[in-house]
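Here is what each chain is made of, one letter per residue.
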Amino acid sequence: MTESTRLSILQYAGDFREATERLSAGGPENYRGQKYTVDFVEGLATKLESRYTITIFTNDRYDVGLSSGGRAIGMGNISEKLPQLSVIRTLSSTRPSKIVLRTPMPAVMLWAWMKRIPTLLVIADSFNSNSWKDRLKRRIFTFLSNRSSFSAIANHGNHAARQLVEIGIAPGKVIAWDYPAFSSPDQYPEKLRPCAQPTLIFVGSLTIEKGVGDIIKAVSILLERKINISLLIAGSGHTEIFEKMADDLNISNNVKFLGNVDNNKVIDFMRESDLVLVPSHHKYPEGLPLTIYEAYCSRTPLIVSDHPMFVGNVIDRLSGLIYPEKDAKALADCIAEALLDHALYHRLSLGGQQSWRSLQLKVTWDAVISEWIKGGDGWQSWLKAHSLAN
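What you are looking at is a predicted structure, and each value in this text was computed from that prediction instead of being measured.

This part is about the overall build of the chain. Along the chain, the regular secondary structure elements total 14 helices and 14 strands. Whereas a compact globule of 390 residues would reach a radius of gyration of roughly 21 Å, the chain reaches 22 Å, a difference of no more than 12%. A principal-axis box enclosing the C-alpha atoms of the chain has dimensions of 65 × 45 × 45 Å. In the chain, 69% of the contacts between residues at least 6 apart in sequence involve partners at least 24 apart. Put simply, the chain shows about 17200 Å² of open surface, and 51% of that area lies on carbon and sulfur atoms. Computed over 44 positive and 40 negative side-chain charges, the separation of the two mean positions in the chain equals 7 Å.

The structure is reproduced here in structure tokens:
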């Protein structure tokens, strides 16, 4: 580490001030690896000249010092027509000598390139939308990523990293990263069959693009087929939309909204359920959802959409069932098959363990950032050894 480094970290959402206060007081994590990432970022503040963490979307605006000596900036709910300009002004005010981007924002990347500020991207995203606007953004993102100001682009998991190469980023700049393994399928026995009164569970953001509506429609279809099931929905977002959908379909008694669940309880909830559902639409920029890791750890069989970032990480009919995105009937068919075919159910529970092992990576989130901050020949050697060009 270099004491002269002025590091600014930009993230899209997730209130860093709130997270540091909650976790330092012994509070729970909101997602897998949150304490690990927060502790690492806080530790940087003692080793660098300055360290800012900027969150673009927060409930309120703030600029506060933290006990570590670092600072946290929350930009509030930005309502400007060109929010990127506000983000750039805020980032510029921190006078960074190095930048870590945790979200792929071409406008910010263009500014960093023009200012010749060394920048590292450490993201968990995919690029699947084919609208003209998204295609243009993807071309700009790819062009800028290949400029010398951007040392490396690290994405969460092998599939998401390989997609960066497919869209045109030099493989020598691309790294696949992961969180350390905090849990393992080895902690739990496999499941032989579902319960007599099966429960499904979804954990994540409550949005249309995450496929929550598809699950509710699938439950309605299954109830019409006289398959008596219940659904747990954990997370926050557009809860009222999905509550109304369940009410309109007359299945409210079979759907329970849990709100946000402490991350240390997620695997327990999955373990107590009979199927875990990850129904994201292709449009949603998934990298590799932590819920897939957690489902594998719980040994509860998994059903996912055919999102490009899921296929390959979930092996159809071995470690999960895969259905076409947005197709509630196909999802209902998969659920019914998994619940009624006990041999398949057991096979999926067993297969998740092997798929979990195949997802484990040696390169961790903190290692990418630590090695990059050190810079010099050591960084270049490390990058050469760990990039997709190797």
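What follows concerns helix 6 (residues 158–166). Within helix 6 the residues assigned to the buried category are Ala-160, Ala-161, Gln-163 and Leu-164. Around the axis of helix 6, the buried residues are gathered within 155 degrees of arc, so they sit on the same side. Check the buried side of helix 6 and you find it contacts helix 5 (132–145), strand 7 (150–156) and strand 8 (174–177). Phi turns positive one or two residues past the end of helix 6, at Gly-168, with a value near 115 degrees.

In this model, the second largest pocket occupies a volume close to 270 Å³. Together, 17 residues line the second largest pocket, and Phe-182, Ser-183, Asn-263, Asn-264 and Ile-267 are the ones closest to its centre. For the lining of the second largest pocket, the secondary structure elements donating two or more residues are helix 9 (263–272) and helix 10 (290–298). Take the lining of the second largest pocket: its biggest share by element is five residues, from helix 9.

This brings us to the nonpolar core. Residues Val-122, Ile-175, Leu-302, Val-368 and Ile-369 are the most contacted members of the largest nonpolar core, which totals 57 residues. By residue number, the principal contributor to this core is helix 10, which donates six residues. If near-sequence neighbours (up to four positions away) are discounted, Val-368 is found in contact with Leu-120, Val-122, Ala-154, Ile-175, Trp-177, Val-363, Trp-379 and Trp-382.

On to the packing of helix 2 (residues 34–44) against helix 13 (residues 365–374), then. Two elements in contact, helix 2 and helix 13, have axes whose closest approach is 10 Å; the angle formed by their N-to-C orientations is 15 degrees. On the basis of their axis angle, the class for helix 2 and helix 13 is roughly parallel. Helix 2 and helix 13 meet at a crossing whose hand is right-handed. Between helix 2, through Tyr-36, Thr-37, Phe-40, Val-41 and Leu-44, and helix 13, the contact on the second element is made entirely by Trp-365, Asp-366, Ile-369, Ser-370 and Ile-373.

Below, the discussion takes up helix 13. For helix 13, the buried fraction is high: seven of the 10 residues fall into the buried class. Taken residue by residue, helix 13 has Trp-365, Val-368, Ile-369, Ser-370, Glu-371, Trp-372 and Ile-373 as its buried positions. Looking at the residues trailing helix 13, positive phi occurs at Gly-375, about 70 degrees.

A contiguous nonpolar patch, built from Leu-110, Trp-113, Met-114 and Phe-143 and spanning about 400 Å² of accessible area, is present on the exposed surface. No other element matches helix 4 (residues 106–114), which puts three residues into the nonpolar patch. When you line up the elements, Met-114 lands in helix 4. Residue class for Met-114 comes out exposed when judged on its relative accessible area of 62%.

What follows covers the sheet that holds strand 6 (residues 119–123). Taken together, eight strands build an open sheet; the order of strands is 3-4-2-1-5-6-7-8 and the sheet is mixed. The open sheet terminates on both sides in strands that have one partner only, identified here as strand 3 (61–65) and strand 8. When the angles between neighbouring strand axes are averaged without regard to direction, this sheet yields 15 degrees. Inspection of the sheet shows strand 2 (residues 50–57) paired to strand 4 (residues 71–75) by four bridges, in the parallel sense. Across the sheet, Thr-53 pairs through a bridge with Ala-72, a residue of strand 4.

A few words on the pattern of salt bridges. Counting across every chain of the model gives 12 salt bridges. The salt bridge partner of Lys-210 is Glu-286, with a shortest N-O separation of 2.8 Å. Highlighted residues: Lys-210 in the loop between strand 9 (199–203) and helix 7 (212–224) and Glu-286 in the loop between strand 12 (275–278) and helix 10, separated in sequence by 76 residues. Like Lys-210, the residue Glu-286 is buried in the burial classification. A salt bridge links Asp-333 to Lys-329; its shortest N-O distance comes to 3.1 Å. Placement of both Asp-333 and Lys-329 in helix 11 (residues 328–340) is noted, with a separation of four residues, approximately one turn of the helix. The partly exposed category is assigned to Asp-333, whose relative accessible area is 29%. Residue Lys-329 is classed as partly exposed on the basis of its relative accessible area of 49%. Put simply, Arg-225, Lys-329 and Asp-333 are held in one network by salt bridges that share partners.

Take the sheet that holds strand 14 (residues 321–323) next. Pairing between sheet strands relies on hydrogen bonds along the backbone, with the strands arranged either parallel or antiparallel. Read across the sheet, six strands follow the order 11-10-9-12-13-14 without closing on themselves; strand pairing throughout is parallel. Unpaired on one side and paired on the other, strand 11 (255–259) and strand 14 mark the two borders of the sheet. Looking at each pair of strands side by side, their axes are set apart by 20 degrees on average, direction ignored. Relative to strand 11, strand 10 (residues 230–234) runs parallel, the two being bridged by four bridges. Looking at strand 11, one finds that Leu-231 is bridged to Val-255.

Conventions and cut-offs
Residues numbered from 1 in each chain as written. Predicted model: local features only at pLDDT ≥ 70, side-chain atom pairs only at ≥ 80, totals over all residues. Heavy atoms only, no water. Helix = DSSP H or I, 4+ residues; strand = E, 2+ residues; numbered from the N terminus. Rg over C-alpha atoms; globule rule 2.2 N^0.38 Å. Contact = heavy atoms within 4.5 Å. Areas by Shrake-Rupley, 256 points an atom, 1.4 Å probe, with all protein chains shown as cover. Lys, Arg positive; Asp, Glu negative; His and termini not counted. Charge placed at Lys NZ, Arg CZ, Asp CG, Glu CD. Buried < 20%, exposed > 50% of the residue type's maximum accessible area, 1.4 Å probe, protein only. Arc of directions from axis to C-beta. 1 Å grid on protein atoms, 1.4 Å probe; cavity = no way out; pocket = protein on both sides within 12 Å on 5 of 7 lines; lining within 4 Å. Points joined across faces, edges and corners; volume = space filled by probe spheres on them. Core = buried A, V, L, I, M, F, W, Y, C linked by side-chain atoms within 4.5 Å. Axes fitted to C-alpha atoms, helices over the stretch in contact; angles between N-to-C directions. Parallel < 35°, antiparallel > 145°, perpendicular 65-115°, else oblique. Left-handed = near helix turned anticlockwise from the far one by under 90°. Patch = residues over 30% accessible without salt bridge, like charges linked within 9 Å, V, L, I, M, F, W, Y side chains within 5 Å. Salt bridge = Lys/Arg side-chain N within 4 Å of Asp/Glu carboxyl O. Pairing = 2+ DSSP bridges.

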